[in-house]
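For reference, the chains in residue letters:
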Amino acid sequence: MRSVAVVTAALVGTAVAGCSSGGGGGAGGPAAADVPAKGTVVLQDNSDHPQQLVRFKDAEYVKVGGLADKAAEERIGQEFRAPLDWAVKWFGATLDADRRKQCQGKPSIIQTKVRFGLGGPDIVSATSAFTMIPCFESEEALPTVPVTVDVKAGKALGAKDVLTDKAFNDPKDLWDALSGPKDDWKQCGLSDLQGKDFLPGKQEGPVETPPSAGLYFDRNGLNLVWSTIGTDCSSFSFNTPYSKLKGIVRPDVLSRLQDAATKK
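Please read these numbers as outputs of a predicted model, since none were measured by experiment. (Residues numbered from 1 in each chain as written. Predicted model: local features only at pLDDT ≥ 70, side-chain atom pairs only at ≥ 80, totals over all residues. Heavy atoms only, no water.)

(A) The sheet that holds strand β11 (residues 213-217), seen in detail. The antiparallel open sheet is built from three strands, whose spatial order is β11-β12-β13. The open sheet has two edge strands, β11 and β13 (235-241), and neither has a second partner. Along the sheet, successive strands turn relative to each other by an average axial angle of 20°, direction set aside. (Pairing = 2+ DSSP bridges. Helix = DSSP H or I, 4+ residues; strand = E, 2+ residues; numbered from the N terminus. Axes fitted to C-alpha atoms, helices over the stretch in contact; angles between N-to-C directions.)

Structure representation (structure tokens):
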């Protein structure tokens, strides 16, 4: 089952009931009449994935509709659904014999909450924060995953697309520009930010995980979300205004981000 909430550039939505069922791959969707023909919307997924013992409960994700290029629209949709698809894959890969025994056929419940930075129309940037009730004994928390898409180009903007080569390979200038809980970071004994932190990796598990350091953008500037699987020292958020990003963000991207931040 899914439902849909309309999101305007002001990022305020109203829930509308959907009426479809989802199977193992998140199949199905809201009734066509419920989905606006054009614009940015938030969908809610309540599909069941029995092989992985996962059930989504009002798991939100973003969809951008009404693009002339339907292939680009599909690619953008896949990028915003990727955190949910990853969660299903991760649960399936970590569901060993002991965990299956603990679950006794009952699924883990996963919910995601979308938080918008930029709502379009040219650039859409949002995070998906996970809440889970595992069917097995665990104190792990799943990460918050940022996704930013260039609607015109029909693709996601990763850190390599956004940061200058220098800032990506040596993020010291970016780190110096950021404000946030840096004392807590030091107390956790975390190492200096590195380029590899912006890339997917494996956090002591069998499947690839989202980047530990993710970027998303709002009206005020750049946000860096440090979010990993785990409990202690696994979640930090830092930010910096656009005015401090010269030489850190590629000039053409920075110009478009600043323009998008002023759109009503």
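Okay, back to it.
(B) Molecular detail of the packing of aromatic side chains. Inspection of the entire model under this criterion finds eleven aromatic pairs. Note on W175 and W185: the rings are 5.0 Å apart at their centroids and 50° apart in plane angle, and the pair reads as tilted. Taken together, the residues span a long stretch of sequence, with W175 in helix α5 (residues 172-177) and W185 in helix α6 (residues 182-187) at a distance of ten residues. The buried category is assigned to W185, whose relative accessible area is 4%. Their ring planes at 80° and their centres at 4.9 Å tell us that W185 and W226 sit as a pair that is edge-to-face. Highlighted residues: W185 in helix α6 and W226 in strand β12 (residues 221-227), separated in sequence by 41 residues. What makes W226 buried here is its relative accessible area of 10%. Grouped by ring-pair contacts, the aromatic residues W86, W90, F91, F130 and F136 constitute a single cluster. Above the face of the Y61 ring, R81 is positioned so that its terminal group lies 4.6 Å from the ring centre. Directly above the ring of F136 sits R99, whose terminal nitrogen or CZ lies 4.0 Å from the centroid. (Phe/Tyr/Trp six-rings, centres within 6.5 Å; stacked < 30°, edge-to-face > 60°. Buried < 20%, exposed > 50% of the residue type's maximum accessible area, 1.4 Å probe, protein only. Lys NZ or Arg CZ within 6 Å of the ring centre and 35° of its normal.)

(C) Looking closely at the environment of E140. With respect to the helices, strands and loops of the structure, E140 is situated in the loop between β8 (123-133) and β9 (144-150). Each C-alpha atom, one on E140 and one on D232, is 9.3 Å from the other, the two residues being 92 residues apart in sequence. Residues within four places of E140 in sequence aside, it is in contact with W90, R99, M132, I229, G230 and T231. (Contact = heavy atoms within 4.5 Å.)

(D) Region of interest: the pattern of salt bridges. Following the criterion strictly, the structure yields 15 salt bridges and no others. Residues K172 and D176 are paired through a salt bridge, measuring 2.8 Å at the closest nitrogen-oxygen approach. You can see K172 and its partner D176 sitting in helix α5, four residues apart, about one turn around the helix. Its relative accessible area of 46% is what places D176 among the partly exposed residues. One salt bridge in this structure joins K196 and D197, with 3.7 Å as the shortest N-O distance. (Salt bridge = Lys/Arg side-chain N within 4 Å of Asp/Glu carboxyl O.)

(E) Structural detail: a negative patch on the surface. A contiguous patch of negative charge on the surface is contributed by D96, D98, E137, E139 and D232. Mapped onto the fold, D96 is located in the loop between α1 (70-94) and α2 (97-103). (Patch = residues over 30% accessible without salt bridge, like charges linked within 9 Å, V, L, I, M, F, W, Y side chains within 5 Å. Areas by Shrake-Rupley, 256 points an atom, 1.4 Å probe, with all protein chains shown as cover. Lys, Arg positive; Asp, Glu negative; His and termini not counted. Charge placed at Lys NZ, Arg CZ, Asp CG, Glu CD.)

(F) Seen up close, the state of the cysteines. Per the stated rule, a full pass over the model turns up two disulfides. A disulfide bridge connects C103 with C135, and the sulfur atoms are separated by 2.0 Å. Of note, the bridge from C103 to C135 carries an S-S torsion of about 70° and is right-handed in sense. With C103 in helix α2 and C135 in the loop between β8 and β9, this residue pair connects regions lying 32 residues apart in the sequence. Since its relative accessible area comes to 2%, C103 is described here as buried. (Disulfide = S-S within 2.5 Å.)

(G) Here's a closer look at unusual backbone geometry. Cis peptide bonds are those with omega within 30 degrees of zero, and the linkage from G120 to P121 qualifies with 10°. In this structure, P121 sits in the loop between β7 (108-119) and β8. Phi at D58 takes a positive value of approximately 50°, unusual for a residue other than glycine. Position of D58 among the secondary structure elements: in the loop between β5 (54-56) and β6 (59-65).

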